[in-house]
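# Fold and geometry: a report
So you can see what is in the structure, the chains are spelled out below.
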There are 2 protein chains.
Amino acid sequence: MGTLGHLLATNLASFPGEIVPVRNGESLRDVPGEIDLAVVAVPAHAVPAVAAEAAAKGVTAMVVLSGGFAETGEDGARLQAELIANAGATRVIGPNCFGIQNCDLPLNASMAAGLPRGGGGICLVSQSGAYGMAIFTMATDERVRFAKILAPGNTCDVTIAELLGELADDPAAATLCFLLESLADGRAFVERARAVTPTRPVVVVKTGRSEAGARAASSHTAALAADAAIWRGVFRQAGIVEVASGQELLDAARALDGQPLPAGPRVAIITNSGGVSVELADLLADEGLTVPALSSPLQDKIRAMLPAFASPVNPVDITPVWSRFAELYPGLTDLLARSGEVDVVIPVLLQRAALDTATAEGLRDVVATLRTDDIAVPVHVCWVAPRDARPNADLLQDARIPCFEWPARTARAIGHARRYALARERTTPAAPVPARRTGPTSTDPAEAAALLAELGIHT
Amino acid sequence: MGTLGHLLATNLASFPGEIVPVRNGESLRDVPGEIDLAVVAVPAHAVPAVAAEAAAKGVTAMVVLSGGFAETGEDGARLQAELIANAGATRVIGPNCFGIQNCDLPLNASMAAGLPRGGGGICLVSQSGAYGMAIFTMATDERVRFAKILAPGNTCDVTIAELLGELADDPAAATLCFLLESLADGRAFVERARAVTPTRPVVVVKTGRSEAGARAASSHTAALAADAAIWRGVFRQAGIVEVASGQELLDAARALDGQPLPAGPRVAIITNSGGVSVELADLLADEGLTVPALSSPLQDKIRAMLPAFASPVNPVDITPVWSRFAELYPGLTDLLARSGEVDVVIPVLLQRAALDTATAEGLRDVVATLRTDDIAVPVHVCWVAPRDARPNADLLQDARIPCFEWPARTARAIGHARRYALARERTTPAAPVPARRTGPTSTDPAEAAALLAELGIHT
């Protein structure tokens, strides 16, 4: 574990609090003072003894990065049981986990070589450590800010539902994202989510829907399709935003965390390419959103700004007037956001518009002014551009204005934001929680159906 | 038009044949010898006179880049009618068009600043010039090779169906892609496609499905949803691969053009992250593909190669054995492709696996060997990696091995390839073509329904 130990020492070096290395042959009990968190990376067979020491020392919590437990078979399961028994009052995150990151402290108690940028409200809980870290990598490339990332591994003690509960009480955690392979404590998770969604979005991707997916996730394969359909209903009822993939999870999080919620379904598109706006309008319609024709007075105002042959109807097509992009994109975004006729504005930055830094700067500034003036209309950029234009997307993304590549991602992400807004309107403050029952785990379809029935959905 | 003239001169400079500039005040008739193609970029009002000169000179074809015709209203429509009348036997591409590109000659008779890399079989016909060029830009970033790109604008003479017919006779055109906003000659297009798809894939994205999309595309809005559903049926019947967006169009083209067709639905996944493979297996199932458990003998062979705790079942999870990636990814790809148990192999290159150049080189070499040995099992890489890893994706893409970013794009693209393979098995060689009728254009739902009925589909 030498390499991992070295990686951990490097990762933890940026933590502003006190770090005490405890090496082979040393004991937690020899550490002076109180220990808030023990990060454990010793071989599996040595972990139960460390847990006993932590319990004796009164350590608040331990993160066990070491693998070799229940995920490897019966011997490992026995070791895991021993770990739990020995830990006593010390809470255990893991084992077999990628670790935890608090981007604001900063604390990188994980195997990831790097910490996402802090200052954002996105929290990610991933049952797959490697995939969670891949999402973080994409986020870093696209300059997304996080609050916390947790890859809790085997969740032998601290469960996914408990993490959701903790994050719900965390003022830094504005947008809660979960990449889930199984939901052993599904009932508790959904109950807690239901209490959270009236105030904060909870976004979930539930993988392992297919037979092979479940096989890979080592969960049981009975009645998978029914299971997926039932969970979909339960999630919707609880106001959870369900997404289809990890990439979509992050896109939804960017839309929800970076911009105000869409107060209605009406979208304005500003474009320099008819073709992209046609496709985008179609894809927005697929998401239940509309691209309404604008009123005559508003069209007149827009027409007065535009060159001949441009269209003020919506999509507003400014045509390829390159020299005026930096004036028209921000000016029209401002006009449309203040018009009262639309709930979302999408500037399509295609090719030369995306390559023009002044256009990106103008959009960034106009969105800042809209917020200062309490105009809560979200602005999402649809980005169709060569890689060379990336610095301008970074400029916008740094201002929390999402730049989604290509119309499909744009439409889907805004669709999720709108669905959450609708769920929030629909959900009443936390309903009485059904009594917790013993019995089969809630991955059992009958159990899930019963839960659904309790929530008022007939299957 | 000075700037456009300059751009054109630059673009045409790379053409190895003879280019004769004809300036204001000069006439086509003064050009010595025969003219194969006239590229026209004079103001709209001057175009009909140029067409008359071209007809008199016996010019084979003219590409009219100039705008200001039917797309601008009644005056423009009259000018366009005059253009057609004057052109006589000279074929007209355009007007109001982005131009045409032949990447192999090379010939860049377009407004695009740059020509895609030649040597590939992909041809793109786009009714939106700007969007077509955006797709080309993405293709350049992702190192896709094209044969031809055509953005034929108002199609006043040479229609989309005629272009399809021409490309069907072009030995360089192996994969035919269409970005269509309207289908004024839809009947002819589908009839020709039906004759082409038994030998070459035809991939279509049809935009303008929604009311706003149709409004932006300036096509009529009656019965749009019915129209879209009917076209979907007609396309399927003709063996056309229909995709939902421009990005998906290019992804399907890359899958179809770069690799052999999947002979069946069985997919093997090789991964170093359980989480990604679970999601990918789900998304493949959504596409009608399977990730079957492998036979015991094959699992034994795989197990012998793998470290402890790795899974030989499928998805084959090699675990994060960084030092062995360059050996295991190519070795397992070779073993699985030759096993007879799967029809597609997907190595998932996630994070460190993607950053490892030796792994990419090994995969490239093993795929080359498979082809030499006539093993026609397609290999598609699922790419989940930071931008820093991009040179390794380029290395694979240069060898025509698609690297699709994230599981959703991977699964969808392979799904399209498999759907085309099935359509090809299903379609008989060109059936008798129904007699062409006069009457309403085929964007009329009743007309489309009648066509559907002729093709044996009841609506």
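Residues numbered from 1 in each chain as written. Chains lettered and ligands numbered in written order. Predicted model: local features only at pLDDT ≥ 70, side-chain atom pairs only at ≥ 80, totals over all residues. Heavy atoms only, no water.

## A word on the sheet that holds strand E7 (residues 146-151) of chain B
Residue and element names in this part refer to chain B. The test is simple: Pairing between two strands requires that DSSP report at least two bridges joining them. Put simply, DSSP marks the helices as runs of H or I at least four residues long and the strands as runs of E at least two long, and each gets a number from the N terminus on. Helix axes are fitted to C-alpha atoms over the stretch in contact, other axes to C-alpha atoms as well, and angles between N-to-C directions run from 0 to 180 degrees.
Ordered in space as E5-E4-E7-E6-E8-E9-E10, the seven strands form an open sheet in which the pairing is mixed. Two strands lie at the open edges of the sheet, namely strand E5 (107-110) and strand E10 (241-243), each paired on one side alone. Ignoring strand direction, the axes of neighbouring strands in this sheet form an average angle of 15°. As judged from the four bridges shared by strand E6 (residues 122-126) and E7, these two strands associate in the parallel manner. Bridging from a neighbouring strand, Val125 pairs with Leu150 of E7.

## Section: the interface of chain A and chain B
Convention followed: The contact criterion used is simple: two residues touch if any of their non-hydrogen atoms lie within 4.5 Å. We define buried area as the total accessible area lost by two parts upon association, computed with a 1.4 Å probe and summed across both. Salt bridge, as applied in this entry: a Lys or Arg side-chain nitrogen positioned within 4 Å of an Asp or Glu carboxyl oxygen. Any residue outside Ala, Val, Leu, Ile, Met, Phe, Trp, Tyr, Cys, Pro, Asp, Glu, Lys and Arg is labelled polar, Gly included; the first ten of those are nonpolar and the last four are charged.
On the side of chain B, 55 residues touch chain A, which itself brings 55 residues to the contact. Counting each side, the surface lost to burial between chain A and chain B is near 4100 Å², with a carbon and sulfur contribution of 59%. The largest per-residue losses of area from chain A upon contact with chain B belong to Tyr131, Arg387 and Trp406 of chain A, which jointly make up 17% of the total buried on that side. For the pair chain A and chain B, the number of links is four salt bridges. Residue Arg209 of chain B is joined to Asp282 of chain A by a salt bridge in which the shortest nitrogen-to-oxygen separation is 3.9 Å. The leading source of residues in the side of chain A that touches chain B is helix H10 (residues 274-286) of chain A, at 11 residues. Looking at side-chain class alone, the side of chain A that touches chain B contains 28 nonpolar, 16 polar and 11 charged residues.

## Section: the pattern of salt bridges
Residues and elements named next belong to chain B. Note the threshold: Exposure categories follow from relative accessible area, calculated using a 1.4 Å probe and restricted to protein chains: below 20% of the type maximum is buried, above 50% is exposed, and the middle band is partly exposed.
According to the stated counting rule, one finds 58 salt bridges over all chains in the structure shown. Between Arg254 and Glu142 there is a salt bridge; the shortest N-O distance is 2.4 Å. Highlighted residues: Arg254 in helix H9 (residues 246-258) and Glu142 in the loop between helix H4 (129-141) and E7, separated in sequence by 112 residues. Here Arg254 and Glu142 have matching classes, each one buried.

## A word on the side chain of Gln247 of chain B
Mapping Gln247 of chain B onto the fold places it in helix H9. Overall, Gln247 of chain B belongs to the buried group, its relative accessible area being 12%.

## Some details on the sheet that holds strand E1 (residues 37-40) of chain A
Residues and elements named next belong to chain A. If you trace the three strands from one edge of the open sheet to the other, you get E1-E2-E3, paired in parallel fashion. Edge positions in the sheet fall to E1 and strand E3 (91-93), since each of these pairs with one other strand and no more. Geometrically, the sheet is characterised by an average inter-axis angle of 20° between neighbouring strands, direction not taken into account. Bridging between E1 and strand E2 (residues 61-64) involves four bridges; their strand directions are parallel. Pairing of Ala38 across the sheet is with Met62, part of E2.

## Topic: the environment of Gln299 of chain B
All names here are of chain B. The topology assignment puts Gln299 in helix H11 (residues 296-305). Taking C-alpha positions, Gln299 is 8.8 Å from Asn314, a pair spaced 15 residues apart along the chain. Ignoring any residue separated from it by four or fewer positions in sequence, one finds Gln299 in contact with Leu294, Pro312 and Val313.

## Let's talk about helix H5 (residues 160-168) of chain A
For H5 of chain A, every residue scored as buried is listed here: Ile160, Ala161, Leu163, Leu164, Gly165 and Leu167 of chain A. Buried residues belonging to H5 of chain A abut strand E6 (117-126), strand E7 (145-151), strand E8 (175-180), helix H6 (186-196) and strand E9 (202-206) of chain A.

## Looking at the pairing of E9 of chain A
All names here are of chain A. What counts, and what does not: By convention, a crossover is right-handed whenever its connection, traced from the first strand over the helix to the second and viewed with the strands pointing away, goes clockwise.
Counting buried residues along E9, five of its five residues qualify, which places the element largely inside the surrounding structure. As paired elements, E8 and E9 share five bridges and run parallel to each other. The residue of E9 that forms the bridge with Cys177 is Val203. Once you follow E8 into H6 and on to E9, the crossover reads as right-handed. Examined bridge by bridge, E9 and strand E10 (residues 241-243) share three bridges and lie parallel to one another. What sits directly across from Val205, in E10, is Val243.

## Some details on the domain arrangement of chain A
All names here are of chain A. Applicable threshold: The domain boundaries here were taken from an automatic or database domain assignment. Throughout this description, a polar contact denotes any pair of N or O atoms lying within 3.5 Å of each other; where both atoms belong to protein, one of them has to be capable of donating a hydrogen while the other can accept it, and for residues adjacent in sequence the pair is counted only when both atoms sit in side chains.
Domain boundaries in chain A define domain 1 (2-93), domain 2 (99-257) and domain 3 (260-424). For domain 1 versus domain 2, the separation of C-alpha centres amounts to 24 Å. Of the roughly 1700 Å² buried at the junction of domain 1 and domain 2 (both faces included), carbon and sulfur atoms supply 64%. Ranking the residues of domain 1 by area buried against domain 2 places Asn11, Arg91 and Ile93 at the top, with a combined share of 31%. Inspection of the domain 1/domain 2 interface yields two salt bridges. Here Arg91 and Asp157 are joined by a salt bridge, their closest N and O atoms 3.0 Å apart. Summed over the shared surface of domain 1 and domain 2, the number is nine residue pairs in polar contact (both at pLDDT 80 or more). Of all elements in the fold, only helix H1 (2-12), E1, helix H3 (74-87) and E3 reach the threshold of two or more residues within the side of domain 1 that touches domain 2. Counting residues per element, the side of domain 1 that touches domain 2 draws most heavily on H1, which supplies five residues.

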